[in-house]
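Architecture and fold: a report
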Amino acid sequence: MLLTAALHVVSHGIAVLYCVMTPGEPHRPLMLAAYSCGMASGAVGIWAARTVTTKAAGYRVSFTILLVTIAMAALGAYCDGGAASPAALGFVTTTVFVATYTPHLRLMMALEALLLASYLAVAALGQPPRPGHVFLYMAGMLVLISVCGAQTRKLARQRSQLRALAALDPLTGALNRRGLADFTQHLFRRCGRAGPAMLCLDLDDFKSVNDRLGHAAGDELLKQTVAATREVLRPEDAVARVGGDEFVVVLSDADEATVRTVAARIEAAVRRHTGVSIGAATAPHDGDTLETLLHVADQRLYRVKQRRRGGDRPLDGHGLLSTDTVGA
């Protein structure tokens, strides 16, 4: 938004300089007033970019500035002689800007259609240009729209892929620590709803798998663990790998009974491949931040592993440690 506003100030400032350099041409006072309004709208946009706090409000301000720019470009070109005026270059620069910085394809096409229609209106109402001038101008703008729009969307796809890669564990496809933080960010802002809940999973004797069978077998076991866990989760839940054989399952909304049930299902699914220990924590009873829930769940996981190593395993009906698994 700040870039949009700054570019509008610069472009209208150049148009003001053009009017100052050609004082003897007609309609200069009107053009100066129009371009000064364009600069003022850009200045307001710069101020709004530093104060607006929501994306929706930012889009509204940017859209308003763009409409002002289109109107000023049309008025300036019309007053300066029509479609063949040097001031008509304002349509070209705005066309490039819209194709490059409008994120949504349909909105971009609508704005570009408005720009082209505005230029055709100037061509029809202003002084007649030389034969073929409007055709070449329109063709040039369409080429710019196609090239800039295609390149922008290619870069947007690449950025989206990079963001996805930055949030995923490359081996298992589960979320990594960054992806876990991003996924849970909005879950703690909801009021009056259960959860979220965190399940910390740790594979039993994973080091021995690597030592006996090799790292390839260990990697395959990690991938099987993630796949088995996903089989019993809902679409709104997620699994993350936060360490070598350490995983976190996020249940977006679940009470303690649901957590116990899901934990039992995960344990049954993963134990087809290897042993697993689970500790859990539920918001808001055990904490109201990701760090707090992970700390509580990890402590309960540690107690589960300690009991199993000592042979003290009070199990519930699902084969889980009756108290420490969900931290009752």
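An unreviewed UniProt entry lists the protein chain under the name Diguanylate cyclase (GGDEF)-like protein, from Micromonospora palomenae.

1. Section: the pattern of salt bridges
One pass over the structure, following the stated rule, counts 13 salt bridges. Across the pair Asp204 and Arg271 runs a salt bridge, and its minimum N-O distance is 3.9 Å. Within this pair, whereas Asp204 is found in the loop between strand S1 (197-203) and helix H8 (206-213), its partner Arg271 is found in the loop between helix H10 (256-270) and strand S4 (276-282), the two being separated by 67 residues in sequence. Residue Lys207 is joined to Asp211 by a salt bridge in which the shortest nitrogen-to-oxygen separation is 2.9 Å. Placement of the pair is Lys207 and Asp211 together in helix H8, with a separation of 4 residues, close to one helical turn. On the accessibility criterion, Asp211 (55% relative accessible area) is exposed. One salt-bridge network, held together by shared partners, links Asp202, Asp204, Glu267, Arg271 and Lys305.

2. Let's talk about the environment of Val259
The topology assignment puts Val259 in helix H10. In this structure, the C-alpha to C-alpha distance between Val259 and Met198, residues 61 residues apart in sequence, is 8.6 Å.

3. Section: the confidence of the model for the protein chain
Of all residues in the protein chain, 92% have pLDDT values of 70 or greater, and the mean over the chain is 87. Within the model, pLDDT remains below 50 along residues 314-328, and this stretch shows 45 contacts once partners closer than five positions in the same chain are excluded.

4. Some points on the sheet that holds strand S2 (residues 238-241)
Pairing is antiparallel in the open sheet, where 4 strands are placed in the order S2-S3-S1-S4. At either end of the open sheet lies a strand with only one pairing partner, and these are S2 and S4. Between one strand axis and the next, the sheet turns by 20 degrees as a mean value, whatever way the strands run. As paired elements, S1 and S4 share 7 bridges and run antiparallel to each other. Opposite Ala197, over in S4, you have Thr282 as the bridge partner. Of the strands in this sheet, S1, S2 and strand S3 (246-251) are in contact with helix H7 (residues 177-184), which crosses S3 at around 15 degrees.

5. As for the nonpolar core
Residues Leu199, Leu201, Leu203, Val249, Leu251 and Ile266 are the most contacted members of the largest nonpolar core, which totals 26 residues. Elements that contribute at least two residues to this core include exactly S1, H8, helix H9 (215-231), S3, H10 and S4. Among the elements that take part in this core, H10 stands out by supplying 6 residues, more than any other. Residues within four places of Leu201 in sequence aside, it is in contact with Thr229, Asp245, Glu246, Phe247, Val249, Ile266, Val276, Ser277, Ile278 and Leu301. With 23 residues, the next largest nonpolar core counts Ala73, Ala99, Met108 and Leu116 among its residues.

6. Points about the pairing of S4
Summarising burial for S4: 7 of the 7 residues are buried, a large majority. Every second residue of S4 is oriented toward a common face, with Val276, Ile278, Ala280 and Thr282 on one face and Ser277, Gly279 and Ala281 on the other, all of them buried.

7. Regarding the packing of aromatic side chains
This model, assessed by the stated rule, comprises 3 aromatic pairs. Measuring from ring centre to ring centre gives 5.6 Å for Phe91 and Tyr119, while their planes differ by 75 degrees; the resulting arrangement is edge-to-face. In this pair, Phe91 is assigned in helix H4 (residues 89-101) and Tyr119 in helix H5 (residues 105-125), connecting sequence segments 28 residues apart. One exposure class covers both Phe91 and Tyr119, and it is buried. Aromatic pair Tyr119 and Tyr137: ring centres 4.9 Å apart, planes at 15 degrees, arrangement stacked. With Tyr119 in helix H5 and Tyr137 in helix H6 (residues 133-167), this pair connects stretches of sequence that are 18 residues apart. Each of the two residues, Tyr119 as well as Tyr137, counts as buried. Through pairs of rings, three or more aromatic residues link up here, namely Phe91, Tyr119 and Tyr137.

8. As for unusual backbone geometry
In this structure, the amide linkage connecting Ala283 to the following residue, Pro284, adopts the cis form with an omega of 0 degrees. Along the chain, Pro284 falls in the loop between S4 and helix H11 (290-310). Even without a glycine there, the phi angle at His27 is positive, about 65 degrees. Looking at the secondary structure, you find His27 in the loop between helix H1 (2-21) and helix H2 (28-51).

9. Let's talk about the packing of H4 against H5
To describe two helices that pack against each other, one gives the angle between their axes and the distance between the axes. Two elements in contact, H4 and H5, have axes whose closest approach is 9 Å; the angle formed by their N-to-C orientations is 170 degrees. Of the possible angle classes, the one that applies to H4 and H5 is roughly antiparallel. Seen from H4, the contacting residues are Phe91, Thr94, Thr95, Val98 and Ala99; seen from H5, they are Met108, Leu111, Glu112, Leu115, Ser118, Tyr119 and Val122.

Cut-offs used in this document
All residue numbers refer to position in the chain's written sequence, counted from 1. This being a predicted model, a pLDDT of at least 70 is required before a residue's local features are given, and a value of 80 or more before pairs of side-chain atoms are given or counted; all residues contribute to the totals for chains, interfaces and linings. Side-chain figures throughout are based on the complete set of non-hydrogen atoms in the structure, without hydrogens or water. When a carboxyl oxygen of Asp or Glu is within 4 Å of a side-chain nitrogen of Lys or Arg, the pair counts as a salt bridge. Segments assigned H or I by DSSP are reported as helices when at least four residues long, segments assigned E as strands when at least two residues long, and all are numbered from the N terminus. Note on classification: 1.4 Å probe, protein chains only; a residue is buried when its accessible area is under 20% of the maximum for its type, exposed when over 50%, partly exposed between these limits. For every residue, the pLDDT score states the predictor's confidence, bounded by 0 at the bottom and 100 at the top. Residue contacts follow a heavy-atom distance rule, with two residues in contact if any of their heavy atoms lie within 4.5 Å. Strands were regarded as paired on the criterion that DSSP finds at least two bridges between them. Lines are fitted to the C-alpha atoms to define the axes, a helix being fitted only along its stretch in contact, and any angle between axes, read from their N-to-C directions, falls within 0 to 180 degrees. Each nonpolar core is a collection of buried residues, namely Ala, Val, Leu, Ile, Met, Phe, Trp, Tyr and Cys, held together in the definition by side-chain atoms within 4.5 Å. Paired rings are identified among Phe, Tyr and Trp, the last through its six-membered ring, by centres lying within 6.5 Å, and are further divided according to the angle between planes into stacked (under 30 degrees), edge-to-face (over 60) and tilted (the rest). For classification purposes, angles smaller than 35 degrees are called roughly parallel, those larger than 145 roughly antiparallel, those between 65 and 115 roughly perpendicular, and all remaining angles oblique.

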